[in-house]
Amino acid sequence: MPEKYHIEVKPTSPRWTPVGKISAIEKDGCFGCARCAKKSCVYDIYRNRKFDSKQMCDTIDYLCKMCFRCVQECKGRILSRAVNPEFLQLGDQYWKPNIIATIWYQAETGKIPVSGAGYRGPFSGPGFDSMWTDMSEIVRPTRDGIHGREYISTSIDLGRKLVRLEFAKDNSLISMPPPILDIPMPIIFNPFPWGKINKNVRLALTNAGFSLGIPMIIESEEYFDELRPYDSIIMPQFTPKSFETHKNILKRVRLCEFIYEDSIMNYVSKAKEINPQVIVSIRVKLNKEAEVVAQQLTQEGAEIIHLYADYQGKEYEEASPRFIKDAIRKVHLRLVEMQMRDEVTIIASGGIGLAEHLAKIIICGADGAGIDLPLLIALECRLCKRCTNNLSCPVEMENIDTKWATQRMINLIGAWHSQLIEVMGAMGIREARRLRGEVGRAMFFEDVEKETFGQLFGGRQKDGK
């Protein structure tokens, strides 16, 4: 049995008081009871609360766990809670406040958030919410636990695979196996779509990737000499123009990426001439042409195809864009139909915000996922996008400490690793490689709705038509 992959998480407090989900309200009228309800708080939030003079806020809004014990026990009824309007302003329609708060918690603690009292999220909705995973293998989770039962592997392979071995008449092997890289998590670090990415942040990303064994894509123009010790996980990204200027990096790395254009396989060949062992990924925009492009690249010998959607998981250049899970599923099924799916590695990125999204995109047919914004949120980003207008960052990303940022990202991936094991264990899947395309372990709302009501009412209609 291979050595278990373990991520060492460590509590890492935020630099800034996170925006709390609720506001603690206290009005006049205290009875001065000998046994104050505040003292019964099991989390000691009233004792630990502070006033953050820099942000002009009370830390109780973040510390409160919303058990409402103090609200119920206060005899004067002076304590109450209300939703914090600032919390509701976080993110956007896709990166909702709860996703941001979950990532903050994971980056701080390295633990899976426990909501308690059952699942309180949506059971249907757009995006990944319309997909449910089969948890029927959970029998006695509180007694057995998932981690201690048996080994569950989260490793995947990056690279092209042979579909068969060929031998000569003297039984010598003719087939030359292409280079393959085994990585311990089905994740690569994707470039951020925006944000103030200074040298400290890049070093933190590299440190975290190196500690975790996770490859990190970096534009070849952004590569600097201090990254050399980490070349084993560096994945320089080239355009045909930047290739001519920075191709010497290829001699030192195991992975690289090219942005797709019509003649891109010529540049892949040039990269192989410089370093025959380098594994090349081709970055393809996810749109209606993606299925044809993926098939063509696979036939031409591509090793990795990296399909990327926008930061909200929508495909590009379409009036009614598909969500990434639907588009990836189409690409996967097309390659299965052409009997070439096992030859190539598919990476999907865009809109992957939670650990369950990682499991779901693999079920839809990707081998792994590229993540970006969750890493930025782990560094306390509030997705306000002020930096895109050259305005100041409310959490001063430019002053970030490398060691602190590294641990926050390790904590986040540690929490995702634990949660992915929990999800796969609950599905009865013992290996991430086997999870790929395993739609028998999932249900899709659209399919369930069609099977249940479609025969009675016909197909779903849009805009009243």
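Anything mentioned here points back to the structure above.
Along each chain, residues carry numbers from 1 onward, in the same order as the chain's sequence is written. Confidence filtering applies because this is a predicted model: local features only for residues at pLDDT of at least 70, side-chain atom pairs given and counted only at 80 or more, and all residues used for totals across whole chains, interfaces and linings. Note that the side-chain values use all heavy atoms of the structure and ignore hydrogens as well as water.

Asks: Is there a simple way to think about the environment of Met185 in this case?
Replies: Labels follow the DSSP assignment, with helices taken as runs of H or I lasting at least four residues and strands as runs of E lasting at least two, numbered in each case from the N terminus. Here Met185 is to be found in the loop between strand E7 (181-183) and strand E8 (187-189). Note on Met185: relative accessible area 0%, which makes it buried. Sequence separation between Met185 and Pro374 is 189 residues; the distance between their C-alpha atoms is 16 Å. By definition, residues are in contact when any of their heavy atoms lie within 4.5 Å. With residues near it in sequence (within four places) discarded, Met185 still touches Tyr5, Thr154, Ile156, Ile214, Ile413, Trp416 and His417. When accessible area is computed with a 1.4 Å probe and restricted to protein chains, residues below 20% of their type maximum are described as buried, those above 50% as exposed, and intermediate ones as partly exposed.

Asks: Explain the pairing of strand E11 (residues 255-259) here, please?
Replies: Within E11, four of the five residues are buried, which leaves it mostly tucked inside the rest of the structure. Where the polypeptide runs from strand E10 (residues 234-238) across helix H8 (residues 240-246) and back to E11, its parallel neighbour, the crossover connection is right-handed. Pairing between strands is defined by DSSP: at least two bridges between them are needed. Relative to strand E12 (residues 279-285), E11 runs parallel, the two being bridged by five bridges. Looking at E12, one finds that Glu257 is bridged to Ser281. By the criterion used throughout, a crossover qualifies as right-handed when its path from the first strand across the helix to the second strand runs clockwise, the strands pointing away from the viewer.

Asks: How should I be thinking about the packing of helix H5 (residues 97-109) against helix H14 (residues 402-427) in this particular structure?
Replies: Working note: a packed helix pair is described by the angle between its axes plus the distance between those axes. Contact pair H5 / H14: the axes reach a minimum separation of 6 Å and the direction vectors enclose 105°. Classified by the angle their axes make, H5 and H14 are roughly perpendicular. For the pair H5 and H14, contact is made by Ile103, Trp104, Gln106, Ala107 and Glu108 and by Arg408, Asn411, Leu412, Ala415, Trp416 and Gln419, respectively. The residue inventory of the contact of H5 with H14, partitioned by class, reads six nonpolar, three polar and two charged. Geometry is summarised by axes, namely lines fitted to C-alpha atoms with helices restricted to the contacting stretch, and by angles between N-to-C directions that run from 0 to 180 degrees. Here the angle decides the label: under 35 degrees means roughly parallel, over 145 means roughly antiparallel, 65 to 115 means roughly perpendicular, and every other value means oblique. Only Asp, Glu, Lys and Arg are considered charged in this grouping, and only Ala, Val, Leu, Ile, Met, Phe, Trp, Tyr, Cys and Pro are considered nonpolar; every other residue, Gly among them, is considered polar.

Asks: Sorry if this is basic, but what is going on with the packing of aromatic side chains here?
Replies: Here a ring pair, both rings aromatic, is described through the centre-centre distance and the interplanar angle of the planes. Only the six-membered ring of Trp is used, alongside the rings of Phe and Tyr, when aromatic pairs are assigned; centres must lie within 6.5 Å, and planes under 30 degrees apart are stacked while those over 60 apart are edge-to-face, with the rest tilted. Considering all chains together, one arrives at 11 aromatic pairs under this definition. Taking the centre distance of 5.2 Å and the plane angle of 75° together, the rings of Phe210 and Tyr230 count as edge-to-face. On the criterion of sequence distance, the pair formed by Phe210 in helix H7 (residues 199-212) and Tyr230 in the loop between strand E9 (216-219) and E10 is long-range, its members being 20 residues apart. Since its relative accessible area comes to 42%, Phe210 is described here as partly exposed. Ring geometry for Phe238 and Phe243: centres 5.8 Å apart, planes at 85°, overall edge-to-face.

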